[in-house]
Every structure is written in structure tokens, then in C-alpha cells.
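# Notes for the structure review
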Amino acid sequence: MVSAPLMAVRVRASAEQMHVGVATVDAAQRVLGVCEFIDSSAFANLEALVIQLGVRECLIESDEEAVGGVLQRCMVVPTELPKKLFSADGVAQDLARLLPAGVPVQGLAELELRHALGALGACLGYLQLAADDAGFGGYALHTHVPGKFMKLDASAVSALSLLQSPDGASRTMSLQGLLNRCKTPQGRRLLDQWLKQPLLSEPEINERLDLVGVFFNNAEARDTLRSTHLRSLPDLKRLATRLQRLQATLQDIVRIYQVAEGLSALCDTLEPLVQMHGAVDAAYLGPLRSCDGDLAPLRQMVETTVDLDMAERH
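Note that the structure is predicted; figures quoted are calculated from it, not measured. (Residues numbered from 1 in each chain as written. Predicted model: local features only at pLDDT ≥ 70, side-chain atom pairs only at ≥ 80, totals over all residues. Heavy atoms only, no water.)

## A closer look at helix H2 (residues 65-73)
Buried within H2 we find Val 67, Gly 68, Val 70 and Leu 71. One side of H2 holds all its buried residues, which, seen down the axis, span an arc of 155°. Every exposed residue of H2 that faces more than 90 degrees away from the buried side is listed here: Glu 65 and Gln 72. Positive backbone phi, approximately 60°, marks Met 75, located one or two places after H2. (Buried < 20%, exposed > 50% of the residue type's maximum accessible area, 1.4 Å probe, protein only. Helix = DSSP H or I, 4+ residues; strand = E, 2+ residues; numbered from the N terminus. Arc of directions from axis to C-beta.)

Given below as C-alpha cells:
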């Protein structure tokens, strides 16, 4: 199972408002995220963000009972840590090691988000990322924009039956179950993300609908993609995690090679769809062509060092 991002929350009260700093770490994707916002004592904005990001564990300060209640409603495990660990001191130095060498850390706008940096400090210390030189220079940092998506709290998700119940109820009892005809683990994760993060921007909604419409209206290309290309795709995020942790086996490398070998044919299937809508090129074909070129050295290495016939038999 692929791990969800780790979240940390730091809260400071001011008059009747709550200043909330949030940080996330996706160690598998090597992505750091931060944001700050004003919330009420009910923490409605925080609850919506927890739903959007799909976290399963959140670090909180030891006396934050209200935040702990929000997390429990969202079925997120709260992990209490001492307040002193939620400190922004030293986070800039850690970022200088974790982010690529060319990133001007001292000029990052995220350094102004002191509450979020304190939460990030808790995440980095909890995961001991600053002590793992295997990840140095390999992380990216971005700012979450919660207002980009419709706010859904745990009650709304339950009332709308958006997600399948963890108790294994029938798939027809949720929108997720009804829509899930995905052939790959990454497709199922994307569907979950779209359900938890409903778009608000009309242009973005229309672009997504247009892309879905291209495949809906082209049954031949859709069936070819589902039956030929997508059916054999492994869980690429899981394989990437194994590579990053230096736990990948020879069979994992061969599976990645097989994916790389199929990219050219996948691109050929998508090529005619670009004429139906130009967004297909930007969303799918262009990135896949780029990956096809980037993976050429890997294909060459595997072909010269691995007995592929024997690997396929095992």
C-alpha cells in the first residue's frame, strides 16, 4: 500500500481567530507542502484541507484537543508531539539540503509563513529527513491553495456518500464505487483526488470535461488504452518509492523497463486525439513523449545487462 502524505498542524490563537499553519511531507513523491490561513474555533477550513489532501496521520501539539477532534472526524490518526518540536528554527537550513542546489532558499516566499514552517519543522524532525542524505537535493516545495477547491467537511463527505466506507460496504453505495472503473492504482488515486478536491474554476472544470469528453466520444481509442496499455501498468508510485528507498529488486527494474518500452505505442494511440482537442497534447501526449525520451538510457542499460527472456519467465 502506498503511504499517504504526513501532515503537521501548528495553531496560534489571536482574539477570536485561529492562525493555522499546515505542512505536509510526501516522502514517496519527495514533495513538501505548506500553507497558512485564518480559521474559527471550529476549524472548518482545516477540516476541509484534511479531506482534500487525504492524509492518514497528522502531527499536533500535545494540548490541541480541538484539532484532535477534527482529525478523528476525518478518520486521521493524531500523533501528539511536544510544542518545542513545532519550531521554525533551522528549517531554512534543512530546506537548503533537501531542495535542489539551484533553489535560492533564502528568497523563498514560503519562509514568511512562520506557523507553517514550524509545522514543517515537526514533520522533518519526525521523519528525520535532514539526516537522510539519500534525499538531499531531491525534494520540491510548494504552497497549498485550499481555496482552489470546494470545501467539504467530513459530514458533507458522509452525507453525499462520496467515498466508499472502510467497512467494505457495497461499491454501489458510494459515488466513488460507482465511478471507479479504473484499470490502474494511479487511476484510482486520481479519481479519489478529484472527488475530494472538486474544482471551483469554470475554465478548469471545462478543460477537465473536455478531456473526459475526448475519450468518451472515441470508443476505439478508449478501448485500446484500457485493454492494451493501462491493463498492464504496475503501481508506478509504489515502484518509485522502492527505488528511492534503495529497496527495488531486479524484477522491479524489469517492470519499469516494460512500461518504458510501451510508451511509444501509447503515444501513437493518443496522437489522433490531439486533433479532437489540443489539451490532450499538453495533458498527456507531451509529458509522455518527454518521459519516453528520458527513459531511453534506462532501456538501453536494461537491454545490455539483463537477460529479459529469463526475467519474463520469472
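## Some details on the pairing of strand S2 (residues 17-26)
For a regular strand, side-chain orientation follows a simple rule: the groups alternate between the two sheet faces. The buried fraction of S2 amounts to 8 of the 10 residues, a majority that puts the element mostly inside the structure. Bridge count for strand S1 (residues 6-14) against S2 is 9 bridges, and the pairing is antiparallel. Note on S2: the bridge partner recorded for Arg 12 is His 19. Following S1, the chain reverses through 2 residues before pairing antiparallel with S2; Ala 15 in that reversal takes a positive phi of roughly 55°. For S2 and strand S3 (residues 31-39), the ladder comprises 9 bridges, and the chain directions are antiparallel. Directly across from Met 18, in S3, lies its bridge partner Asp 39. Linking S2 back to S3 in an antiparallel pair, the connection comprises 4 residues, with Arg 30 at a positive phi of about 55°. (Pairing = 2+ DSSP bridges.)

## Focus: the sheet that holds S1
Strand order in this open sheet of 6 strands is S5-S4-S1-S2-S3-S6, and the pairing throughout is mixed. Among the strands making up the open sheet, the edge pair consists of strand S5 (77-81) and strand S6 (140-143). The sheet shows a mean angle of 20° between the axes of neighbouring strands, direction not considered. (Axes fitted to C-alpha atoms, helices over the stretch in contact; angles between N-to-C directions.)

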